[in-house]
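Here is what each chain is made of, one letter per residue.
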Amino acid sequence: MTKTLRIINPANGSVVAEVSADDAASVAAKAARARAAQPGWAGRPLAERKAVVSRFREKVVAELETLAKTLTSEVGKPIAQSRNELNGFLGRIDFFLAKVEASTANEEVFADAAITERIGHDPLGVVANISAWNYPYFVGGNVFVPALLTGNAVLYKPSEFATLTGLHITRLLHAAGVPDDVFIAIVGDGEAGAALVEQPVDGVFFTGSAATGAKIAAAVGPRMIRLQLELGGKDPTYVAEDADPKAAAESLADGAMYNTGQSCCSVERIYVHERIHDAFVDAFLLTVAGFKIGDPAEDGTYIGAITRAPQLDVLEAQVADAVAKGGRLRTGGKRIDRPGNWFEPTVVTDANHDMLLMREESFGPIIGIQKVKGDDDAVALMNDTRYGLTAGVFTCDEARAGRLLARVNAGSVYWNCCDRVSPRLPWSGRGDSGVGVTLSTYGFQTFTRPKAWHLRKP
Ligand code: NAD
């Protein structure tokens, strides 16, 4: 450990903590420890591993308020939203605990007098879990909870912007009974992540930007190990002419700006039928005007800080580009003058697909709204993207929604809702939104490999 990582509160610029970071040598030593410890963990009965994860859940409940405050202090997430994430995380743990046994049990698929055929599920072994900062409990937990339950050792690298949260997770897992060498935190920035990817692991599970995902894919490619990439999105929604403009606007303003717009499944672009466009925009602006911007540590705050300072340049550039290409800036559009990283909730109408705002992930509280003539126009625009994470439609007509959403190329689709993830449903991206699946019962197969047993009696 030679480097020091400084944790800065993005809401005011103050130093929250300084922690020692890993270097390549310490990452390699940790990987070797995990390799040695994994068989013992996999050899324990599933009931024991479940009991450990249940105890971890109890510890999260007991410390929920402290954990929420830490998350808010290093990410700038409004405190109510930090609590929401932790409570949602508990629900995901409950799902995994309820489903692991049935999802990973041996399955006898054939038997006659001479031979039995069985499908078994072996753990992968040692897995690297490289996490993003925006929902560290969700995106980390989607990997480490099922990975541990299925008998893997986990080398967990929290984002450098959510390190203290990552260290809390590590402490609580160890206190719950996960052996120290079965779950090991790798502390640091991209350099530590790159060193982790170089280790002889059995799988790399990454959540983050498409740009970093491409680097990891290139590094892992020739090694024939499991690779999962959960990447960004440019998630569209179409509001049809039969939708209630006010209800749609309230839902979509929340979907665009919750977590200060820093969600992989934030609503990133909106297409509105020309017949209700103006009513929708009026209701959208009214909703946004009601969002309370302020200290994320205070109850009632809805818009918090931008976690990474460089993102402010991205947001500014997208707004400038949109305005230069004919967009109408209806509210916001610039940084907020206070210590830390802040950007006004921003709405641009008259948007079009020449604009970066409608093509590149914004990852902030800004949104482009484009008028469309009808369903075909909307579907063509929704699919005009390199991403494919989520997409939605607002309409009163369920059959019409079904027809439209069937034509949309995205891993998750929403009718009259948005910005929603369920532990019961598979979470996956298409195109530059990634490869692989987490959550749902498929989310156990992600961390196991099938073994085909051919058993002939003597
Ligand atoms: P990021 O790509 O900057 O970093 C993600 C992680 O990768 C961090 O832990 C970082 O230290 C590490 N890293 C950086 N360079 C690396 C390298 N060369 N090798 C190995 N690791 C490296 O992303 P971020 O800013 O933390 O997260 C924001 C992005 O994540 C957005 O694009 C968002 O849409 C996406 N995201 C996707 C999902 C999903 O489920 N699809 C969920 C949350 C966030």
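Residues numbered from 1 in each chain as written. Predicted model: local features only at pLDDT ≥ 70, side-chain atom pairs only at ≥ 80, totals over all residues. Heavy atoms only, no water.

Draft legend 1. Just the domain arrangement of the protein, in detail. Partitioning the protein into domains gives domain 1 (4–231 + 433–456) and domain 2 (235–422). Relative to domain 2, the C-alpha centre of domain 1 lies at a distance of 30 Å. Taken residue by residue, the interface counts 23 residues in domain 1 and 29 residues in domain 2. For the pair domain 1 and domain 2, the two sides together bury roughly 2,100 Å², of which 54% comes from carbon and sulfur. Of the charged contacts in the structure, one is a salt bridge between Asp-299 and Arg-83, with a shortest N-O distance of 3.0 Å. Counting the contacts that link domain 1 with domain 2 gives 15 residue pairs in polar contact (both at pLDDT 80 or more). The set of elements that each furnish at least two residues to the side of domain 1 that touches domain 2 consists of helix H3 (64–75) and helix H4 (79–104). At five residues, the largest contribution of residues to the side of domain 1 that touches domain 2 is made by H4. Each residue belonging to the side of domain 1 that touches domain 2 can be placed in one class, and the counts come to eleven nonpolar, eight polar and four charged. (Domains from an automatic or database assignment. Contact = heavy atoms within 4.5 Å. Buried area = accessible area lost by both parts, 1.4 Å probe. Salt bridge = Lys/Arg side-chain N within 4 Å of Asp/Glu carboxyl O. Polar contact = N/O pair within 3.5 Å; in protein donor to acceptor, adjacent residues only side chain to side chain. Helix = DSSP H or I, 4+ residues; strand = E, 2+ residues; numbered from the N terminus. Nonpolar A, V, L, I, M, F, W, Y, C, P; charged D, E, K, R; others polar.)

Draft legend 2. Layout of empty space enclosed by the protein. Under the definition given, this model contains three cavities of 30 Å³ or more. Counted as a void, the largest cavity has a volume near 60 Å³. Lining of the largest cavity is provided by 15 residues; of these, Pro-236, Met-382, Tyr-387, Gly-388 and Thr-390 occupy positions nearest its centre. At the level of elements, strand E10 (235–239) and strand E15 (390–394) are the ones that each hand at least two residues to the lining of the largest cavity. (1 Å grid on protein atoms, 1.4 Å probe; cavity = no way out; pocket = protein on both sides within 12 Å on 5 of 7 lines; lining within 4 Å. Points joined across faces, edges and corners; volume = space filled by probe spheres on them.)

Draft legend 3. Spatial organisation of the packing of H3 against helix H6 (residues 163–176). Where H3 contacts H6, the two axes come as close as 8 Å, and the packing angle between them is 155 degrees. The angle between H3 and H6 places the two elements in the roughly antiparallel class. Taken together, the residues of H6 that come into contact with H3 (itself represented by Leu-67, Thr-70, Leu-71 and Glu-74) are Thr-163, Leu-164, Thr-165, His-168 and Leu-172. Among the residues forming the contact of H3 with H6, the class breakdown is four nonpolar, four polar and one charged. (Axes fitted to C-alpha atoms, helices over the stretch in contact; angles between N-to-C directions. Parallel < 35°, antiparallel > 145°, perpendicular 65-115°, else oblique.)

Draft legend 4. Focus on the nonpolar core. In this structure, Phe-56, Phe-144, Val-239, Ile-270, Phe-280 and Phe-284 are the most contacted members of the largest nonpolar core, which totals 104 residues. Here this core spans two domains, since at least three of its residues come from each of domain 1 (4–231 + 433–456) and domain 2 (235–422). In this structure Phe-144 touches Phe-56, Phe-89, Asn-129, Val-154, Tyr-156, Ile-169, Leu-173 and Phe-183, once residues within four positions along its chain are discounted. (Core = buried A, V, L, I, M, F, W, Y, C linked by side-chain atoms within 4.5 Å. Buried < 20%, exposed > 50% of the residue type's maximum accessible area, 1.4 Å probe, protein only.)

Draft legend 5. Main features of helix H9 (residues 245–257). For H9, built from 13 residues, the straight-helix expectation of 18 Å at 1.5 Å per residue is met to within 8% by its first-to-last C-alpha distance of 18 Å. Listing the buried residues of H9 in full gives Ala-248, Ala-249, Leu-252, Ala-253, Gly-255, Ala-256 and Met-257. End-on view of H9: buried residues confined to an arc of 165 degrees, all on one side of the axis. Residues of H9 that are buried in the fold lie against E10, strand E11 (267–273), helix H10 (277–289), strand E13 (346–349), strand E14 (366–372) and E15. Following H9 by one or two positions, Asn-259 adopts a phi angle in the positive range, close to 60 degrees. (Expected span 1.5 Å × (residues − 1). Arc of directions from axis to C-beta.)

Draft legend 6. Geometry of the site of the ligand. Close to the ligand lie 30 residues; Glu-160, Ser-209, Thr-212, Glu-361 and Trp-427 are nearest. Contacts to the ligand include Ala-194, whose backbone N or O atom sits 3.4 Å from a nitrogen atom. Gly-208 has a polar backbone atom sitting 3.2 Å from an oxygen atom of the ligand. The fraction of the free accessible surface of the ligand (850 Å²) that becomes covered by protein chains is 91%. Mapped by element, the contributors of at least two residues to the shell around the ligand are helix H7 (190–197), strand E8 (203–207) and helix H8 (210–220). Counted by class, the shell around the ligand contains 13 nonpolar, ten polar and seven charged residues. A domain-level breakdown of the shell around the ligand finds at least three residues from each of domain 1 (4–231 + 433–456) and domain 2 (235–422). (Near = heavy atom within 4 Å. Areas by Shrake-Rupley, 256 points an atom, 1.4 Å probe, with all protein chains shown as cover.)

Draft legend 7. Region of the structure containing the pairing of E11. Across the seven residues that make up E11, a large majority, seven, are buried. By the bridge criterion, five bridges tie E10 to E11 in an arrangement that is parallel. Following the sheet pairing, Pro-236 is matched in E11 by Arg-269. Following the backbone out of E10, through H9 and into the adjacent parallel E11, one traces a crossover that is right-handed. Sheet analysis places E11 next to E14, joined by five bridges and oriented parallel. Each bridged residue has a counterpart across the sheet, and for Ile-270 the counterpart in E14 is Ile-369. (Pairing = 2+ DSSP bridges. Right-handed = clockwise from strand over helix to strand, strands pointing away.)

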